[in-house]
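# Descriptive structure summary
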Amino acid sequence: MSGNLNARITKTMVALTLVAAFVVCLGMMAYFLFIYDWIYPESDELAGWRTADTVMVLLLLAFGLLTASGIGWRLAWRIVEPLKSVAAAARRIATGDFSARAALPAGSFREAADLLADFNTMAERLERAEAELAYSNSAIAHELRTPLTILRGRLQGMSDGVFDPTPELYARLIAHVDHLSAIVEELRTLALSTAGQLELTCDPLDLAEEVGAALNGLEAELAAAGITLTRALAPARIQADRTRLRQACVTVLENCRRYAPQSHVHVETRTEGDEVVFRCSDTGPGLSAEDQARAFERFWRAEASRGRSLGGSGLGLPILRAIARAHGGEARIVPHPPPGLTVELRLPKRAQPAGKTDD
């Protein structure tokens, strides 16, 4: 479209003033030509009045045009300046500068303030997403490099005759492959969640039964880690994806096995209003308040109690949250007096799938 918004608003205000003046002039002409003589048939002051009125109308018209131009320019400035700020920030973002933000000029309309606030929120999310993507790419390469290096070294050693192809060596190689497969599956789950396409097949089920099945499957591993387990599994009916819920439960319990050995773990399920709750508490080393704030970041590990040496990939809690949100719920760390950590999963009774994916 030709022209800019500022000029178009000013021209519109001037045009409205001219139309109003034209209507007033037509009314005055009709009055003096047809009505005045009928009301005052013997008056001889008509000519003088007509001249004075014409001059006055012209002066008022000039004043009205100037006023309309000023008001139109001011109105256009208040509308256009926020748009210019958004456009400038958008151009910077388009060039890759995700730190760009739109500034709100003084005296802007409330709608303009809402527009700039929404734009800046979007820009902040883009900046976080870009930073997370860069970190994730680096972390993924770092996670995969170690097992791949070990695999290559062992295979090269077997090819050169350095290592004998014993069943124990094959078992270790298979364990490394399983570790790689687990990381790839975790990354796939997170990628689908980020895209809003984490596939859910929701069926009626009892969360207590699913948690109980997960506990039974890991009972030997938990006992081997010196964990004392207690349960309080109250019935909790829900419409959800059975496989994903089992994955979430196993993720929490695996974290207890890795990071809270020789501790007491209490697992409970219950219903609260329109939600069902799964909560797992341990008496392990726990996390500081600062670490708890970062616990759901991808690939993050605490330096001491929850480091790489314990075998975690730093994807467990992010996957837990992804599964919860895909069901319309939430995962969080519940404030807990030290020592220990309490992880809670809250889901609506009737989960709505966030989306589906085509494999």
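Residues numbered from 1 in each chain as written. Predicted model: local features only at pLDDT ≥ 70, side-chain atom pairs only at ≥ 80, totals over all residues. Heavy atoms only, no water.

### As for the overall build of the protein chain
- Within the protein chain one finds 8 helices and 7 strands.
- Within the protein chain, buried positions represent 36% of all 359 residues.
- For the protein chain, the proportion of contacts with a sequence separation of at least 24, taken over those separated by at least 6, is 69%.
- Of the roughly 20,700 Å² of accessible surface on the protein chain, a fraction of 61% belongs to carbon and sulfur atoms. (Helix = DSSP H or I, 4+ residues; strand = E, 2+ residues; numbered from the N terminus. Buried < 20%, exposed > 50% of the residue type's maximum accessible area, 1.4 Å probe, protein only. Contact = heavy atoms within 4.5 Å. Areas by Shrake-Rupley, 256 points an atom, 1.4 Å probe, with all protein chains shown as cover.)

### Points about the confidence of the model for the protein chain
- On average, residues of the protein chain carry a pLDDT of 76, and 71% of them reach 70 or more.
- Per-element confidence in the protein chain ranges from a low mean pLDDT of 66 for helix α1 (residues 5–39) to a high of 93 for strand β4 (residues 264–272).
- Note on residues 304–310: pLDDT is under 50 here. Beyond four places in sequence and across chains, it has 18 contacts.
- This model gives residues 355–359 a pLDDT under 50, and the stretch forms 13 contacts once residues within four places in sequence are excluded. (pLDDT = per-residue confidence, 0-100.)

### Looking at the side chain of T251
- By the secondary structure assignment, T251 is in helix α6 (residues 242–259).
- Relative accessible area serves as the criterion here: at 16%, T251 is assigned to the buried category.
- One polar contact links the side chain of T251 to the main-chain carbonyl oxygen of Q247, over a distance of 2.8 Å.
- Among all residues touching T251, those that are not within four sequence positions of it are G316 and L317. (Polar contact = N/O pair within 3.5 Å; in protein donor to acceptor, adjacent residues only side chain to side chain.)

### Here we look at the nonpolar core
- Core analysis: the largest hydrophobic core is formed by 40 residues, its most contacted members being F278 and L345.
- In terms of nonpolar packing, the next biggest core, distinct from the first, is built from 8 residues, I93, A100, A102 and A123 among them. (Core = buried A, V, L, I, M, F, W, Y, C linked by side-chain atoms within 4.5 Å.)

### Structural notes on the pattern of salt bridges
- Evaluation of the coordinates by the stated rule reveals 15 salt bridges.
- Here R246 and E210 are joined by a salt bridge, their closest N and O atoms 2.8 Å apart. Here R246 is found in helix α6, whereas its partner E210 is found in helix α5 (residues 207–224), with 36 residues between them in sequence.
- R246 sits in the partly exposed class, given a relative accessible area of 31%.
- Between E344 and R332 there is a salt bridge, with its nearest N and O atoms 3.0 Å apart. With E344 in strand β7 (residues 341–348) and R332 in strand β6 (residues 330–334), this residue pair connects regions lying 12 residues apart in the sequence. (Salt bridge = Lys/Arg side-chain N within 4 Å of Asp/Glu carboxyl O.)

### Concerning the sheet that holds strand β5 (residues 275–282)
- The 5 strands lie next to each other as β2-β4-β5-β7-β6, forming an open sheet whose pairing is mixed. Two strands lie at the open edges of the sheet, namely β2 (228–233) and β6, each paired on one side alone. Strand-to-strand twist across the sheet, computed as the mean angle between neighbouring axes with direction ignored, equals 15°.
- Pairing analysis gives 6 bridges linking β2 to β4, with the strands arranged parallel. Along β4, the bridge assignment pairs T228 with H264.
- Docked against the sheet, α6 engages β4, β5 and β7, running at close to 20° with respect to β5. (Pairing = 2+ DSSP bridges. Axes fitted to C-alpha atoms, helices over the stretch in contact; angles between N-to-C directions.)

### A closer look at unusual backbone geometry
- Phi at Q262 is positive, roughly 55°, even though this residue is not glycine.
- Tracing the backbone through its elements, the reader meets Q262 in the loop between α6 and β4.

### Section: the pairing of β6
- Across 5 bridges, β6 lies against β7 in antiparallel orientation. The residue bridging E330 from the neighbouring strand is R346, located in β7.
- Linkage of β6 to β7, two consecutive antiparallel strands, is achieved through a turn of 6 residues, within which G340 is found at a positive phi near 110°.

### A few points about helix α8 (residues 316–326)
- Burial analysis of α8 places 9 of its 11 residues in the buried class, the great majority of the element.
- Residues G316, L317, P318, I319, L320, A322, I323, A324 and A326 constitute the buried set of α8.

### Focus: α6
- Look at α6: 26 Å from first C-alpha to last across 18 residues, which is about the 26 Å you get at 1.5 Å a residue.
- Buried residues of α6: R244, L245, A248, C249, T251, V252, L253, E254, N255, C256 and Y259, and no others.
- At the N-terminal boundary of α6, the capping side chain belongs to D241, with an oxygen 3.0 Å from the backbone nitrogen of T243. (Expected span 1.5 Å × (residues − 1).)

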